[in-house]
Amino acid sequence: ELPEEKAGAFTVSGITPLFDMKKQRISQDADVFCKYGIFNSHVVSMYAASKLMNDIYTFANDMGINFRCNDASLPWGGLFFTQSARHTAGHRNGINIDVRYFNPQNKQDSYDQSYAALRILDLNEYLKLSHWASTVAAASTGDLYDKKELIFNKCKNNGSPLYPCTIATLIGDITNDKILKLCQWHKNEFESTCASGASNYAEAILRYSTWVEYNLRDLRVIKKKLSKLRMSDGSLFPISMNSVISELKKDWQRQAIERGLWPDGTPIYKMNGNTISTYRIDSCHSDLAGCALSENFKYDDVHINHIHMEY
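Throughout what follows, the structure given in this document is the object of discussion. Predicted, not measured: the structure shown is a model, and the values here were computed from it. (Residues numbered from 1 in each chain as written. Predicted model: local features only at pLDDT ≥ 70, side-chain atom pairs only at ≥ 80, totals over all residues. Heavy atoms only, no water.)

The next subject is the pattern of salt bridges. For the structure shown, the criterion picks out 10 salt bridges. Between Lys128 and Glu125 there is a salt bridge, with the nearest N and O atoms lying 3.4 Å from each other. Here Glu125 and Lys128 lie together in helix H3 (residues 108-138), a separation of three residues that amounts to about one turn. Residue Lys181 is joined to Asp177 by a salt bridge in which the shortest nitrogen-to-oxygen separation is 3.0 Å. Of this pair, Lys181 and Asp177 both sit in helix H5 (residues 176-185), four residues apart, which is roughly one turn of that helix. Within the structure, one salt-bridge network assembled from shared partners comprises Arg68, Arg100 and Asp109. (Salt bridge = Lys/Arg side-chain N within 4 Å of Asp/Glu carboxyl O. Helix = DSSP H or I, 4+ residues; strand = E, 2+ residues; numbered from the N terminus.)

Listed below in structure tokens is the structure:
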């Protein structure tokens with residue numbers, strides 16, 4: 001059982017220090033807090049009020065939500081500075097903590113590091129595939145039309161049509177949507193056909209759809225406990241990525257997590273083992289209305305590589 005809550009404060013005089021979550025991890029069990037470990041950033045100071053510790057404990061041990069954590073607060077509360085910048089201005093009294101975005105173990109850092117560079121590259125792979133599918137679907141002559149015919153013939157599959165095709169499918173029905181789905185769900189049949197310029201699209205789509213699914217699931221749980229979660233809408237990413245992606249809408253990340261949509265507005269489908277299933281990542285997306293996460297979410301252009309959680 002965790003100790004009773006002790007007050008955090010802005011001054012040292014007359015107060016009891018907060019609890020050190022790093023020591024709690026060592027003295028009890030590394031798995032009870034921040035189950036996926038602590039990630040390094042500008043500062044790692046993890047003193048917290050017991051109500052925050054209790055919830056982190058409950059999330060990890062009773063709900064299967066596993067955090068990779070970083071800054072909470074200083075031992076006696078108050079504002080701390082890092083390299084002359086107020087990076088941690090909100091972490092004053094033991095009720096705030098930074099966590100990586102949710103993902104399977106050992107994948108959280110790789111998808112958040114360098115301002116989410118891999119996440120953005122994966123989006124680029126998807127958009128290459130999406131552009132290619134749109135171009136092929138619109139083709140009426142030439143080499144691209146040959147591609148469309150090849151896709152149509154594979155789609156029909158000698159009378160046993162691949163989903164989303166049917167026996168009644170005509171070549172004119174080979175739309176952008178069908179091409180996208182065929183390339184995603186039947187990669188082996190279409191490996192040499194789909195988007196030669198997006199050679200890693202299948203792996204990219206799996207990584208990104210997994211990330212969206214994990215965040216949707218876990219954020220819907222923790223929002224019931226915490227009063228505020230601050231995360232990026234996707235509007236800021238490294239300048240070095242501008243040459244990779246120039247067409248992302250300002251809120252591409254919010255659209256993914258809240259509405260289950262790719263930047264081009266098409267649905268994101270959930271994983272099924274190592275393949276994409278034919279189900280959207282959550283039933284609440286069936287009408288494109290989203291999953292009502294926003295009432296206690298605050299979006300900004302800063303938290304692209306971690307989520308700020310607070311009471």
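The discussion continues.
Glancing now at unusual backbone geometry. A cis amide bond links Tyr163 to the next residue, Pro164, at an omega of 15°. Unusually for a residue other than glycine, Ser114 sits at a positive phi of about 55°. Inspection of the secondary structure assignment puts Ser114 in helix H3. Classification of Ser114 as exposed rests on a relative accessible area of 55%. Residues other than glycine seldom take positive phi values, yet Tyr115 does so here, at roughly 55°. Among the secondary structure elements, Tyr115 is positioned in helix H3. For Tyr115, a relative accessible area of 48% puts it in the partly exposed group. (Buried < 20%, exposed > 50% of the residue type's maximum accessible area, 1.4 Å probe, protein only.)

Sheet architecture is open: four strands sit in the order S3-S8-S4-S7, paired in mixed fashion. Either end of the sheet is taken by a strand with one partner, and the two such strands are strand S3 (96-99) and strand S7 (297-300). Strand-to-strand, the axes of this sheet are offset by a mean angle of 20°, without reference to chain direction. (Pairing = 2+ DSSP bridges. Axes fitted to C-alpha atoms, helices over the stretch in contact; angles between N-to-C directions.)

A few words now on the nonpolar core. In terms of nonpolar packing, the biggest core is built from 71 residues, with Phe67, Ile97, Trp132, Tyr208 and Met309 touching the most fellow members. Of the residues forming this core, the biggest block, 11 residues, is contributed by H3. With residues near it in sequence (within four places) discarded, Trp132 still touches Lys147, Ile151, Ile179, Cys183, Thr193, Cys194 and Ala195. (Core = buried A, V, L, I, M, F, W, Y, C linked by side-chain atoms within 4.5 Å. Contact = heavy atoms within 4.5 Å.)

Helix packing geometry: the angle between the two helix axes and the distance between the axes. Axis separation between H3 and H5 bottoms out at 8 Å; the angle between their running directions is 130°. Between H3 and H5, the interaxial angle falls into the category oblique. The way H3 lies across H5 gives a crossing that is right-handed. Only Asn176, Ile179, Leu180, Cys183 and Gln184 of H5 make contact with H3, whose side of the interface consists of Tyr126, Leu129, Ser130, Trp132, Ala133, Ser134, Val136 and Ala137. Broken down by class, the residue content of the contact of H3 with H5 amounts to nine nonpolar, four polar and no charged. (Parallel < 35°, antiparallel > 145°, perpendicular 65-115°, else oblique. Left-handed = near helix turned anticlockwise from the far one by under 90°. Nonpolar A, V, L, I, M, F, W, Y, C, P; charged D, E, K, R; others polar.)

To continue, consider helix H8 (residues 252-259). Those residues of H8 lying buried are Trp252, Gln253, Ala256, Ile257 and Glu258. Residues of H8 that are buried make contact with H3, helix H7 (201-222), strand S4 (228-232) and S7. After H8 finishes, the residue Gly260 shows a positive phi value of roughly 65°.

To continue, consider the state of the cysteines. Within the structure shown, the criterion is met by two disulfides. Each sulfur in the disulfide pair Cys155 and Cys165 lies 1.7 Å from the other. Within this pair, whereas Cys155 is found in helix H4 (residues 142-156), its partner Cys165 is found in the loop between H4 and H5, the two being separated by 10 residues in sequence. The same class applies to Cys155 as to Cys165, namely buried. (Disulfide = S-S within 2.5 Å.)

Here the focus is the packing of H3 against H7. Following both chains from N to C, one finds H3 and H7 inclined at 125°, their axes separated by 8 Å at the closest point. Viewed along their axes, H3 and H7 adopt a mutual orientation that is oblique. Handedness of the H3/H7 crossing: left-handed. For the pair formed by H3 and H7, the contact residues are Tyr111, Leu118, Arg119, Asp122, Leu123, Glu125, Tyr126 and Leu129 on the first element and Tyr201, Ala204, Ile205, Arg207, Tyr208 and Trp211 on the second. When its residues are assigned to classes, the contact of H3 with H7 shows 10 nonpolar, no polar and four charged.

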